[in-house]
Structures are given as C-alpha cells and as structure tokens.
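Results of the structural survey
The chain contents come next:
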Amino acid sequence: MYNIDEWKHIFKLDPAKEISEEMIDKICESGTDAIMVGGTDDVTLDGVLQLLSGIRRHTVPVILEISNIESVTPGYDYYFVPLVLNSQDKKWMMDIQHQAVLEYGDIVNWDEMFAEGYCIMNDKSKVYQHANCNLPSNEETIAYARMAEHLFRLPFFYLEYSGTYGDPTLVKTISQELNHTKLIYGGGIATKEQAAEISAYADIIVVGNALYDNPKEALKTVKATK
Ligand code: 1GP
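Overview of the structure. Please read these numbers as outputs of a predicted model, since none were measured by experiment.

Conventions adopted
The numbers attached to residues start from 1 for each chain and follow its sequence in the written order. This being a predicted model, a pLDDT of at least 70 is required before a residue's local features are given, and a value of 80 or more before pairs of side-chain atoms are given or counted; all residues contribute to the totals for chains, interfaces and linings. With hydrogens and water set aside, each side-chain value is computed from the structure's full complement of heavy atoms. Between the rings of Phe, Tyr and Trp (Trp by its six-membered ring), a pair exists once the centres lie within 6.5 Å; its type follows the angle of the planes, with under 30 degrees stacked, over 60 edge-to-face, and the other angles tilted. Numbering goes from the N terminus for both helices and strands, where a helix is a DSSP run of H or I of at least four residues and a strand is a run of E of at least two. Only protein chains enter the area calculation, which uses a 1.4 Å probe; residues under 20% of their type maximum are buried, those over 50% are exposed, and those in between are partly exposed. Think of it as a cone above the ring: NZ of Lys or CZ of Arg counts as a charge over the ring if it is within 6 Å of the ring centre and within 35 degrees of the ring normal. Note: the arc covers the axis-to-C-beta directions of the helix. Residue contacts follow a heavy-atom distance rule, with two residues in contact if any of their heavy atoms lie within 4.5 Å. In this description, a nonpolar core means a group of buried Ala, Val, Leu, Ile, Met, Phe, Trp, Tyr and Cys residues linked to one another through side-chain atoms lying within 4.5 Å. Proximity is defined per residue: if any heavy atom of the residue lies within 4 Å of a molecule or strand, that residue is considered near it. In protein, a polar contact requires one atom able to donate a hydrogen and another able to accept it; more generally it is a pair of N or O atoms within 3.5 Å, and residues adjacent in sequence count only if both atoms are side-chain atoms. The accessible surface values rely on the Shrake-Rupley method and a 1.4 Å probe; as for residues, cover is taken only from the protein chains in view. Here the term charged refers only to Asp, Glu, Lys and Arg, the term nonpolar to Ala, Val, Leu, Ile, Met, Phe, Trp, Tyr, Cys and Pro, and the term polar to all other amino acids, Gly among them.

**Quick word on the packing of aromatic side chains**
Here the structure, examined in full by the defined rule, presents nine aromatic pairs. Measuring from centroid to centroid gives 5.6 Å for phenylalanine 80 and phenylalanine 114, while their planes differ by 65°, and the two rings are edge-to-face. Taken as a pair, phenylalanine 80 in strand E4 (residues 78-84) and phenylalanine 114 in strand E5 (residues 113-120) lie far apart in primary sequence, 34 residues in all. Overall, phenylalanine 80 belongs to the buried group, its relative accessible area being 0%. Judged by centre distance (6.0 Å) and plane angle (65°), the rings of phenylalanine 114 and phenylalanine 156 are edge-to-face. Here phenylalanine 114, found in strand E5, pairs with phenylalanine 156, found in strand E6 (residues 156-160); they are 42 residues apart in sequence, far enough to count as distant. One aromatic cluster in this structure is built from Tyr2, Trp7, Tyr78, Phe80, Phe114 and Phe156. Geometry around tyrosine 212 places lysine 17 over its ring, the cationic atom sitting 4.7 Å from the centre.

**Focus: helix H6 (residues 168-177)**
Restricting attention to buried positions, one finds in H6 the residues Pro168, Leu170, Val171, Ile174 and Ser175. Taken around the axis of H6, the buried residues stretch over an arc of 155°, which confines them to a single face. Turned more than 90 degrees off the buried face of H6, the exposed positions are Thr169 and Gln176. Buried residues along H6 sit against helix H5 (138-151), E6, strand E7 (182-186) and helix H7 (192-199).

**Considerations on the nonpolar core**
Ranked by internal contacts, the top residues of the largest apolar core, which has 47 residues, are Ile35, Ile55, Tyr76, Phe157, Leu159, Ile174 and Leu183. Once residues within four sequence positions are removed from consideration, isoleucine 35 is found in contact with Ile10, Phe11, Leu13, Ile27, Cys28, Ile55, Val60, Pro61, Val62 and Ile63. Core analysis: the next-biggest nonpolar cluster, separate from the first, contains 21 residues, Val84, Ile120, Phe156 and Ile184 among them.

**Points about the site of the ligand**
With respect to spatial proximity, the complete set of residues near the ligand consists of Lys12, Tyr158, Glu160, Ser162, Gly163, Gly186, Gly187, Gly188, Val206, Val207, Gly208 and Asn209. Between an oxygen atom of the ligand and a side-chain N or O atom of lysine 12, the distance comes to 2.7 Å. Contact between the ligand and glutamate 160: an oxygen atom at 2.5 Å from a side-chain N or O atom of the residue. For the ligand, the protein covers 92% of the area, taking 300 Å² as the surface of the free molecule. Of all the secondary structure elements, the ones that give two or more residues to the shell around the ligand are E6 and strand E8 (204-207). Along the lines of polarity and charge, the residues of the shell around the ligand split into three nonpolar, seven polar and two charged.

What follows is the structure, given as structure tokens:
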C-alpha cells in the first residue's frame, strides 16, 4: 500500500495529550512519511479515534502503535506491536500480545501488522518504568539488535530514548549491525540538527514530545531527514 522501506521520518502523537486541529493539519502536511499514534498512560479508545478522525482528513499514512487492547480500533493503515526486549517481565514481550491474538486473531489483517523489537534506553522515562525494564550496556544493546535481526527476524528494532536525546555513536554502531531489520530511533529530537545527526544512521526517526513543546522547530525535523 505504502512503501515503508522508504520512510525516514515519523511524527508520534499521544492520544492522551491535547493538540489543536490546526496543529494536526500542519503535522499531516509537513512532508513526514507517516503519523504514529501511541502513548504510555491514559491511552483510550476515545483518544485514539479522535486523533484518527483529524489525521484522516489528509493522505499521510497512519499507524496505531498498540498500547493496550481496549484502545485498538479498525481504520488505521498499519498496526505496530511493541515487544519490549529489555523488559524484565515476559508479559511485555509475549503475554499481552498473545492475549490480543487470542481474542482478535481471526479478524486481524496480518499484512497491516508489524512487530517492533523495543529496547528502552532511558531509565527515567515512563515507558521504561511501565514495562519494568533493565538498562542494557552497549554490548547488551547490540546483542538485542542481533537477536531482533537474526533470531526473531523482526521488521523493526526500535531504540527508544523517549524524552531524552540518545547517544549517536551507539545509534551508528547499531545501524551497522542491522541489514534487514530497520532501525527506528526515538527520543529527544527537538531540532533539525539532531534530526540530521540521527538520520545519518537510523532508518527512521520518530519525533514526539517536540511537537507539543516546540512545534515550530519540530516541524523542521522533517526536511533534515530528506
Ligand atoms: C516516543 O520515541 C518516541 O515513543 C519519541 O520520543 O517524545 O522524546 O520525541 P520523544
């Protein structure tokens, strides 16, 4: 449907946060490759549907990153399913996904569904605490990336620094490890310079918070990846 292989930039909108219709329009028309809807706390079906109706007035592809089963709805182009590789609980890697497939496996369109091997690198972030993660060393992070590519053959490895700018050297190292699995980087990108620095290595960068904190700068990150 869309050529995901060519994507470089994604804006992530949090259904639990306020955003104006006017801003949604600007984000959708920014030239970004896709809009991802996802968050950690208070993600409700209402919030997910409200964002979808705003985004659907534009032609940009829209992805639901599944946070909980209750907020899943038809109408998105793609569904990304996080598997938290560095969680200490099997629940975040396997069990909630298993439960979802048990309930909805008969009606799922598997062509729209993609797994993301998450490695959460910011121990101060909500998502790190929510998923009860362990902070991996650089060597351990590389090992997760290798597992994502060679053992699990995942389409995406998501290096998640949510809320803080990560280590570009590590992003470079990880990118050199991955040939088939695409590297998604997210976290703390607030300027076009940061967007350019990370996009030199990551296949796709995700910009989230900056849209709420400094939208004008955030919109400029798109161009920096092209
Ligand atoms: C969050 O990776 C995304 O899941 C983006 O991070 O909000 O820090 O931009 P920021």
